[in-house]
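# Descriptive structure summary
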Amino acid sequence: MLNEKLTVVFNEVIARNPGEAEFHQAAQEVIECLGPVLTRHPEIGRHKIINRICEPERQIIFRIPWVDDNNEVQINRGFRVEFNSALGPYKGGLRFHPSVYLGIIKFLGFEQIFKNALTGLPIGGGKGGSDFNPKGKSDGEIMRFCQSFMTELYRHIGEHTDVPAGDIGVGGREIGFLFGQYKRITNRYESGVLTGKGLDWGGSLVRTEATGYGSVYFVDEMLKVRGSSFEGKTAVVSGSGNVAIYTSEKIHELGGKVVACSDSNGYIHDRDGIDIELVKQIKEVQRGRISEYVQERKSAKYIEGGNIWEIPCEIAMPSATENEISGKDAKTLVGNGCIAVGEGANMPSTPEAVKVFLGTEIAYGPGKAANAGGVATSALEMQQNASRDSWTFEYTDRRLRAIMKNIHESCYETAEEYGSPGNYVVGANISGFLKVANSMLSMGVI
Ligand code: GLU
């Protein structure tokens, strides 16, 4: 709940950022947790730390002109929001999706500040992207778009300044084109300027798998607290992109069974357990739609436009996009016997859904804690680049596992310390916030 002081701060956020519903939602969730923090640390209020954190340090909006395969000129809008650099260079992905506007980038950038703080690694928070729709575009079009995007972005980024990576619509192929253009314009081989690079040219092993694997490691820790595990459990993982694929792979490795995944058109239900290699082939190699899965697997059904959360499961891992679980969906999950929710996507549960989860015994792991493994491994990629070294898969995965265990522990302990035992939302927000707030206090009014 918001006390009087926090209500003033939140109202100011709404007034200063009109029409940015997703950013308001993300800010409200964090601010709502900070009442007990202000009571214990009045200096945070005096120095207006919350007000300052809610105002990005810098916001860049730019034009991206490019020429499509029909020789027509296209114009998109590009964004980079450099939100907070108290802990290190701005760090966060780029999203290419038609829904992108300033409010989406600000919600993602804001969440990234606390997520990155939770990793314990020296990275600030930022996010960027474009309203460009990559669906159906040729490789040539993707390349020309990425080159035009970087032709403006290059002047704002750098290994010690701002380090973008992927998010929805931006994977290895796009990072390659972006890095190539950065290198060409600057005449510098600056590996640490982008993460998610190819393994032959400065990328890190495990980065591709990291967000998905990390989310499963986080849920595994939550289950351990309850004396449980993935073994023999049925899971539903929404989405079928990078996060969903490696979430499902790790769940299978730990003895669980993923029975459904989805894309924006519909979902597939496979009682025998999703064939991950087939999903990889369809999505990563063919860049096709999830409906193609049923042509190869007769045991599976494709439901066009259906609601994946109606499928009974013990573990739900929303790994598609924001606000994909409504309050009603949350009640359905609870009613069907779900015991844990781990968010692979950013803010996939609406505020109503979060309320439902927190009102039950469910172990609910919010995205900024559960999906921090991706950006954490990006920071490990930066470490390897800085030392011109590359680590083995096993070593990097061990580091990731240890980071997720630490994040879980710090969320769990902070929630206890601030009077909300078992509430990982309170734990994550307060723990992440305090690291950033204390660093800002040390650095004066900047
Ligand atoms: N886009 C990812 C996230 O939401 C990863 C960002 C990164 O690796 O910098 O955290």
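The present account deals with the structure reproduced in this document.

Scoring rules and cut-offs
Residues numbered from 1 in each chain as written. Predicted model: local features only at pLDDT ≥ 70, side-chain atom pairs only at ≥ 80, totals over all residues. Heavy atoms only, no water. 1 Å grid on protein atoms, 1.4 Å probe; cavity = no way out; pocket = protein on both sides within 12 Å on 5 of 7 lines; lining within 4 Å. Points joined across faces, edges and corners; volume = space filled by probe spheres on them. Nonpolar A, V, L, I, M, F, W, Y, C, P; charged D, E, K, R; others polar. Helix = DSSP H or I, 4+ residues; strand = E, 2+ residues; numbered from the N terminus. Near = heavy atom within 4 Å. Polar contact = N/O pair within 3.5 Å; in protein donor to acceptor, adjacent residues only side chain to side chain. Areas by Shrake-Rupley, 256 points an atom, 1.4 Å probe, with all protein chains shown as cover. Patch = residues over 30% accessible without salt bridge, like charges linked within 9 Å, V, L, I, M, F, W, Y side chains within 5 Å. Salt bridge = Lys/Arg side-chain N within 4 Å of Asp/Glu carboxyl O. Pairing = 2+ DSSP bridges. Axes fitted to C-alpha atoms, helices over the stretch in contact; angles between N-to-C directions. Contact = heavy atoms within 4.5 Å. Parallel < 35°, antiparallel > 145°, perpendicular 65-115°, else oblique. Left-handed = near helix turned anticlockwise from the far one by under 90°. Buried < 20%, exposed > 50% of the residue type's maximum accessible area, 1.4 Å probe, protein only. Disulfide = S-S within 2.5 Å.

## Here we look at the layout of surface pockets
There is about 460 Å³ of room inside the second largest pocket. Lining the second largest pocket are 18 residues, and of these Glu-29, Glu-32, Pro-351, Val-354 and Lys-355 sit closest to its centre. Here the lining of the second largest pocket is composed, by residue class, of nine nonpolar, five polar and four charged.

## Quick notes on empty space enclosed by the protein
Tallying each qualifying case throughout the model produces two cavities of 30 Å³ or more. In this structure, the largest cavity occupies an estimated 40 Å³ of space. For the largest cavity, the full set of lining residues is Glu-29, Glu-111, Glu-343, Met-347, Pro-366, Gly-367 and Lys-368. Split by residue class, the lining of the largest cavity holds two nonpolar, one polar and four charged. Within this model, the second largest cavity holds a volume of roughly 30 Å³. What lines the second largest cavity is simply Gly-239, Ser-240, Ala-244, Ile-245, Ser-248, Cys-261, Ile-274, Ile-276 and Val-279. Those elements that provide at least two residues to the lining of the second largest cavity are α10 (242-253) and α11 (276-285). By residue number, the principal contributor to the lining of the second largest cavity is α10, which donates three residues. Within the lining of the second largest cavity, the residues separate by chemical class into six nonpolar, three polar and no charged.

## Some points on the site of the ligand
Neighbouring the ligand are 14 residues, the closest being Lys-91, Lys-115, Gly-166, Asp-167 and Ser-378. Contacts to the ligand include Lys-115, whose side-chain N or O atom sits 2.8 Å from an oxygen atom. Separating an oxygen atom of the ligand from a side-chain N or O atom of Ser-378 is a distance of 2.6 Å. Summarising the interface, the protein chains cover 95% of the accessible area of the ligand, which totals 290 Å² for the free molecule. Elements with a minimum of two residues in the shell around the ligand: β3 (90-96), α6 (102-118), β5 (162-166) and α16 (373-386).

## With respect to a nonpolar patch on the surface
On the surface, a cluster of nonpolar side chains totalling about 270 Å² of accessible area is made up of Val-67, Val-73 and Ile-75. By the element assignment, Ile-75 lies in strand β2 (residues 73-84).

## Focus on the sheet that holds strand β8 (residues 266-270)
A sheet is described by the order of its strands in space; here seven strands give the open sequence β9-β8-β7-β6-β10-β11-β12, paired in mixed fashion. The open sheet has two free edges, formed respectively by β9 (300-304) and β12 (363-365), since each of these has just one partner strand. On average, each strand axis in the sheet is inclined to that of its neighbour by 15 degrees, with strand direction left out of account. When strand β6 (residues 234-237) meets strand β10 (residues 315-317), the two strands line up parallel, connected through three bridges. The residue of β10 that forms the bridge with Ala-235 is Ile-315. Sheet strands in contact with helix α9 (residues 207-225) are β10, β11 (340-342) and β12, and its direction is about 150 degrees off that of β10.

## Digging into the packing of α9 against helix α17 (residues 393-417)
Close contact between α9 and α17 brings their axes to 9 Å; oriented N to C, the two are set at 45 degrees. By the angle class used here, α9 and α17 are oblique. Note on packing geometry: the crossing formed by α9 with α17 is right-handed. Taking contact as the criterion, the partners of Glu-209, Ala-210, Tyr-213, Gly-214, Tyr-217, Phe-218, Asp-220, Glu-221, Met-222, Lys-224 and Val-225 in α9 are, on α17, Phe-393, Asp-397, Leu-400, Arg-401, Met-404, Lys-405, Ile-407, His-408 and Tyr-412. Within the contact of α9 with α17, the residues separate by chemical class into eleven nonpolar, two polar and seven charged.

## Describing the pattern of salt bridges
Per the stated rule, a full pass over the model turns up 24 salt bridges. Among the salt bridges present, the one from Glu-249 reaches Lys-280, with a minimum N-O distance of 2.6 Å. Separated by 31 residues along the polypeptide, Glu-249 in helix α10 and Lys-280 in helix α11 bring together distant segments of the chain. Per residue, the accessibility class of Glu-249 equals that of Lys-280, and both read buried. Here Asp-270 and Arg-297 are joined by a salt bridge, their closest N and O atoms 2.9 Å apart. With a gap of 27 residues between them, Asp-270 in strand β8 and Arg-297 in the loop between α12 (293-296) and β9 connect regions that are remote in the sequence. With a relative accessible area of 0%, Asp-270 lands in the buried category. By relative accessible area, which is 21% here, Arg-297 ends up partly exposed.

## Quick word on the state of the cysteines
What the rule picks out here adds up to zero disulfides. Take Cys-338: it sits in no disulfide, and the sulfur closest to it among the cysteines is that of Cys-313, at 4.8 Å. Overall, Cys-338 belongs to the buried group, its relative accessible area being 6%. As a non-bridged cysteine, Cys-411 has Cys-33 as the owner of its nearest cysteine sulfur, 11 Å distant. Taking the relative accessible area as the measure of exposure, Cys-411 reaches 0% and is therefore buried.

## Section: the pairing of β5
Both faces of the sheet carry side chains from a regular strand, because those side chains alternate between them. With four of five residues buried, β5 lies mostly within the body of the structure. In this sheet, β5 lies alongside β3 in parallel orientation, the contact comprising five bridges. When the sheet's bridge partners are listed, Lys-91 is paired in β5 with Val-163.

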